[in-house]
Amino acid sequence: MSSATASASTSASTEEVLYEVRNISKNYGSVVALDNVSMKVRAGEVVGLVGDNGAGKSTLVKVLSGAHRPDSGEVLLDGIQRHWNTPHDAIEAGIETLYQESGLAPHLSVSANVFLGREEVKKGLLGKLGFLANKEMDQRAFQDLKNVGIAVPESNRSVSQLSGGQRQAVAIGRSVAWASKVILLDEPTNHLGARQAGEVLNIIEQVKSKGFGVIFISHTLPHVLRVTDRIVVLRLGKIVADAPTSTFDAEKLLGTITGLI
Amino acid sequence: MTTQITQAPTPASRAKGLLKNQQFILVLVLIAMVTFFSLKNHIFFTNAVFANVLSDWIPVVLMAIGETFVIITGGIDLSVGSVVGFSGVVTAFAMRNLTAHNVNQNTTLAIGLLVAVAVGCGIGLINALLITRARIVPFVATLATLGAFRGLCIVTTGGGPVGEGPDSAIALTVPKYGPFNSPGLVVVVLVVIIGLYLHKSRFGRYTYAIGSNSFAARSAGINVKAHLTKVYILSGALSGLAGFYLYLRLSVGSPSSGQSGELDAIAAVVIGGAALAGGVGKITGTVLGSLILTTVTSGLIIIGVAPNWKQVVVALLIAAAVFSQGLRNWTKGGDL
C-alpha cells in the first residue's frame, strides 16, 4: 500500500497509522541532525530504520521515544498530536523503547526485570508497606514471555545466568509485555551470534502478528530485509527512501544508504 | 519457534551446593570460632561472655545493616563511625540539658533516642546531597563527612566525655533475657524487619536494581537519586541508633565513640558476601559477618592474645570472603 512518497497513501491506510512524525527537524548547534523528516508505522507493521553512522537514526529514535524534543514538526499517536516531555510520557502512552545499551539488571531475576519499575505488591497491609507479590509476578512474567515465544523454565532465575541472546529475548519480551502500541528496537541483534539473532528476529515476527507497530533500527541489512515490511532510509538527516521491503535487495539497500545509487 | 531459556541444573550434590552458600560457610566459621575459643578457655562459653559479645555486636550490626543497603547500590558510606560519635555527643548534650531541667528520665531517654536518630538522618541527608546533587563519588563524599563530624565531636566536647545524663541509661544495657539486654532484643526485631524490607519489598528491589545496572533502573522509571537519598538517610539513621546505644552503654557521649567503626561495618558486609561493585548482598550475611567480627574481638582477648591480632584475623576473613566470592562467580561462569 505504501509507496516512496508518504502523501500518496490513501485515507484508508492513514487511519491505520499508529505512530507518526511529520516534518521533524532537529539541530545540534550548527549541525543538522534531522531535516524535515516524516515517517509512520501502522499496526502490525515492522518498519526498518536504516542509515549510515551520523545519518540521524539515533536522533530520530530519541525523538520517537520521547528522550529528545524536536525543534520543529509534529509527533502523532493514533492521529492525535502529542508532546513528550520525558521518555516516561511516551512509555505511559504505550511506546516502549529497547535501547541497545540499557539492557537488564543482571543480578535480578527474569521476572524482577520484566516488572522493574512496575512491581506488583501484595494485597492488604503488606502491599501498602511495599511488599512485593513475587509469586504472581513470576507467573505473569512467565506467561507474558511465553506469549511472545520466549520460554523461561523459571522466571525467578537471575539474568546473569542467561546467555546474551537469552538476555536480549527477555529484554524484548519485557518491552512487548508493557507496550500497548509501539515498540522501538534499537539494534536488538547487535553483538549476538547468528542463531541467537535468528531467535530475536522470530520474536519480532511474533510481536508484529499481535498488532503492535514495530520500528526496527539496525545496521545488519540481512536482518532488516528479513523481518521488516517497509524500510525507511536516512542519509545526512534526510529521508531518502521509504518503500516496501520487497522493492529492495541487499545491493539496492546498501546503495541507497551510502548514496551510490 | 520459541526461544528456550534452559539451564542444566547444577550437577553438584546438595552438600557441594551448601558449601557454595556463603551463609552456610559463615555459620560454620562462627561455630568453629566459638568452639576454638571455648576449648582454649572455658570461660568463653558463658552467658557473661556471650552477653558481652552481643553488646559489642549491637552497634556494629546497626552500622553494617545500613552499610549493606549502601553497598548493594554500588556506593559506600565511610561516615558511619563518625555518625555514631557525633550523634552520641549531641544526644548526650541534649539529655544533660533535660536532666538539668529535671525532666522525667524516660522522657529524657525517648527524646535522646529521637535526637540521635535525627542527627544520623541529617548526616545521611548531607551525604546524599553531596552524592546525588554535587555529584561527588560516594567514597569521597562520605570521606569528607567522616572527617568533618569526627572533628566536630572533638570541637564540641573539647575532647572529653559528655555525662550528667539520666542515671537509668546504663541499667538498660544489663543482660536481661539470657545474654540479651532489652535494646539488643529491639535491635534483633529491627534487623529482621529491615531484612524483610530489603529482600521482599519494592524498596529493596530498587536498591538491588540500582547497584546492578543504574542505567536500566533509570530507564525503567525508577527515581535513582531519590532512592539513593533514602538509602544514605537509612544508613545515617541506623548509625545514629548505634550512637545512642553506645551512649547507654557508657552513660556518656564520648567523642571517640565509633572511631574506625566504618571499617568494622564494611568488613562485616564484605565478610557477609556483599560485593563492593553493587547488586549483591544479604542481611543474614551481614548479621553473621558482624557476629564473627565481635566474636573474634572478645575471643582473642579471652584466650590472652593481644587484641591487635584482631586486625590480622579480620583481614584474613575479608580476603577469604572475597576469594570465595570470586570462586563462586568463576564456577558459575560469571565475570571475573
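Residues numbered from 1 in each chain as written. Chains lettered and ligands numbered in written order. Predicted model: local features only at pLDDT ≥ 70, side-chain atom pairs only at ≥ 80, totals over all residues.

**Structural notes on the overall build of chain B**
Rules: Labels follow the DSSP assignment, with helices taken as runs of H or I lasting at least four residues and strands as runs of E lasting at least two, numbered in each case from the N terminus. All radius of gyration figures rest on C-alpha atoms, and the globule criterion is 2.2 Å times the number of residues raised to 0.38. Here the C-beta atoms are placed from the backbone, and a residue counts as buried if at least 20 other C-beta atoms lie within 10 Å of its own, exposed if 12 or fewer do, and partly exposed otherwise. Placing a C-beta atom from the backbone of each residue, one calls two residues in contact when those atoms lie within 7 Å.
Helix and strand counts for chain B come out as 13 helices and 1 strand. What you see in chain B, going N to C, is helices and strands ordered as β-α-α-α-α-α-α-α-α-α-α-α-α-α. In summary, chain B has a C-alpha radius of gyration of 21 Å against a globular reference of 20 Å for 336 residues, a match within 12%. Principal-axis analysis of the C-alpha atoms gives chain B an extent of 80 × 55 × 30 Å. Within the span of chain B, comprising 336 residues, buried residues form 49% of the whole. Pairs at least 24 residues apart make up 78% of the contacts formed inside chain B by residues separated by at least 6 positions.

**Here we look at the sheet that holds strand β6 (residues 95-98) of chain A**
Residue and element names in this part refer to chain A. We count it as follows: By the convention used here, strands pair only if DSSP detects at least 2 bridges between them. Throughout, an axis means a line fitted to C-alpha atoms (over the contacting stretch in the case of helices), and angles, computed between N-to-C directions, take values from 0 to 180 degrees.
On the basis of which strands lie adjacent, the open sheet formed by 6 strands has the order β6-β8-β9-β3-β10-β11 and mixed pairing. On the outer flanks of this sheet lie β6 and β11 (238-244), each paired with one strand and no other. Taken over all neighbouring pairs, the strand axes of this sheet differ in orientation by 15° on average, direction set aside. Across 4 bridges, strand β3 (residues 46-51) lies against strand β9 (residues 213-217) in parallel orientation. Counted as the bridge partner of Gly 48 is Phe 216 from β9. Along the sheet face, helix α2 (residues 57-65) touches β3, β6, β8 (182-186), β9 and β10 (230-235) and points at about 150° away from the line of β8. Taken strand by strand, helix α8 (residues 194-209) contacts β3, β8 and β9, and its axis lies near 155° from that of β9.

**Here's the deal with the pairing of strand β4 (residues 72-77) of chain A**
Residues and elements named next belong to chain A. Two elements, strand β1 (residues 17-28) and β4, share 5 bridges in a ladder whose sense is antiparallel. Its bridge partner lying in β4, Glu 20 is registered against Leu 76. Pairing geometry for β4 and strand β5 (residues 80-82), over 3 bridges, is antiparallel. Bridge pairing in β5 places Leu 76 opposite Gln 81. Here β4 hands over to β5 after 2 residues, with Asp 78 in that stretch at a positive phi of 55°.

**Re helix α6 (residues 138-157) of chain B**
The periodicity of an α-helix, 3.6 residues per turn, causes residues three or four places apart in sequence to face the same way. Going by this rule: Multiplying 1.5 Å by the residue count of a helix minus one yields the expected span of that helix.
For α6 of chain B, with 20 residues, the first-to-last C-alpha span of 28 Å sits near the 28 Å given by 1.5 Å per residue. Looking at the residues trailing α6 of chain B, positive phi occurs at Gly 158 of chain B, about 70°.

**Points about the domain arrangement of chain A**
All names here are of chain A. Where we set the bar: Throughout, the edges of the domains are those of an automatic or database domain assignment.
Domains assigned within chain A are domain 1 (6-94 + 179-258) and domain 2 (109-174). The C-alpha-based centres of domain 1 and domain 2 are spaced at 28 Å. Between domain 1 and domain 2, the contact holds 12 residues from the first and 8 residues from the second. Ranked by residue count, the leading element in the side of domain 1 that touches domain 2 is α8, at 7 residues.

**Brief notes about the nonpolar core**
Inclusion rule: Here, a nonpolar core means buried Ala, Val, Leu, Ile, Met, Phe, Trp, Tyr and Cys residues linked by C-beta atoms lying within 7 Å of one another.
Within the largest apolar cluster, 165 residues are counted, with the highest numbers of intra-cluster contacts made by Val 182, Ile 215 and Phe 216 of chain A together with Val 61 of chain B. Among the elements that line this core, the one with the most residues is helix α3 (residues 47-72) of chain B, at 15 residues. Per-domain counts for this core show at least three residues from each of domain 1 (6-94 + 179-258) and domain 2 (109-174) of chain A. Ignoring sequence-local partners within four residues, the contact set of Val 61 of chain B consists of Val 187, Val 191, Val 287 and Ser 290 of chain B.

**Some details on the pairing of β11 of chain A**
Look at any regular strand and the pattern is simple: side chains alternate between the two faces of the sheet. Residue and element names in this part refer to chain A. Here β10 pairs with β11 via 6 bridges, running antiparallel. Each bridged residue has a counterpart across the sheet, and for Arg 235 the counterpart in β11 is Lys 238. Remark: 2 residues form the turn of the hairpin made by β10 and β11, two consecutive strands paired antiparallel; Leu 236 in that turn has positive phi of roughly 50°.

**Points about the sheet that holds β4 of chain A**
Note: strands within a sheet are paired through backbone hydrogen bonds, in either parallel or antiparallel orientation. Residue and element names in this part refer to chain A. The strand order across the open sheet formed by 4 strands is β2-β1-β4-β5, and the pairing between neighbours is antiparallel. Strands at the two margins of the open sheet, each flanked by one partner only, are β2 (31-42) and β5. Taking each pair of neighbouring strands and ignoring which way they run, the sheet shows an average axis angle of 25°. Set on the sheet, α2 makes contact with β1 and β2; between it and β1 the angle comes to about 125°.

**Some thoughts on the confidence of the model for chain B**
Residues and elements named next belong to chain B. Test applied: The predictor rates its confidence in each residue with pLDDT, a number between 0 and 100.
Summary statistics for chain B give a mean pLDDT of 90 and a share of 91% for residues scoring 70 or more. Counted against residues more than four places away or in other chains, residues 332-336, with its pLDDT under 50, gives 6 contacts. Both scores are available for the predicted complex, with the pTM at 0.86 and the ipTM at 0.82.

**A look at the environment of Ala 274 of chain B**
Residue and element names in this part refer to chain B. Assignment of secondary structure puts Ala 274 in the loop between α11 (261-271) and α12 (283-302). Taking the number of C-beta atoms within 10 Å as the measure of exposure, Ala 274 has 30 and is therefore buried. In this structure the C-alpha to C-alpha distance between Ala 274 and Val 191, which are 83 residues apart in sequence, comes to 17 Å.

**A word on α8 of chain A**
Residue and element names in this part refer to chain A. An ideal rise of 1.5 Å per residue puts 22 Å on 16 residues; α8 measures up with 23 Å between its terminal C-alpha atoms. For α8, the set of buried residues is Ala 197, Glu 199, Val 200, Leu 201, Ile 203, Ile 204, Val 207 and Lys 208. Two residues or fewer after α8 comes Gly 211, characterised by a positive phi angle close to 90°.

**Examining the packing of helix α2 (residues 22-40) of chain B against α12 of chain B**
Residues and elements named next belong to chain B. How we decide: To sort the angles, those under 35 degrees are grouped as roughly parallel, those over 145 as roughly antiparallel, those from 65 to 115 as roughly perpendicular, and the leftovers as oblique. Each crossing gets its hand from how the near helix is turned against the far one by less than a right angle, where anticlockwise is left-handed and clockwise is right-handed. When residue character is reported, Ala, Val, Leu, Ile, Met, Phe, Trp, Tyr, Cys and Pro are called nonpolar, Asp, Glu, Lys and Arg charged, and the others, Gly included, polar.
Close contact between α2 and α12 brings their axes to 10 Å; oriented N to C, the two are set at 15°. Relative to α12, the element α2 lies roughly parallel. Considering the relative orientation of α2 and α12, their crossing is left-handed. Seen from α2, the contacting residues are Gln 22, Gln 23, Leu 26, Val 27, Val 29, Leu 30, Met 33, Val 34 and Phe 37; seen from α12, they are Thr 284, Gly 285, Leu 288, Gly 289, Leu 291, Ile 292, Thr 295, Val 296, Gly 299 and Ile 302. When its residues are assigned to classes, the contact of α2 with α12 shows 12 nonpolar, 7 polar and no charged.

**Here's the deal with the interface of chain A and chain B**
Contacts between chain A and chain B engage 34 residues on the former and 26 residues on the latter. At the level of secondary structure, the elements contributing two or more residues to the side of chain A that touches chain B comprise α3 (87-92), β7 (150-151), α7 (164-178) and α8 of chain A. A total of 3 residues in the side of chain A that touches chain B trace back to one element, the largest contributor, which is α8 of chain A. When grouped by side-chain class, the residues that make up the side of chain A that touches chain B number 19 nonpolar, 11 polar and 4 charged.

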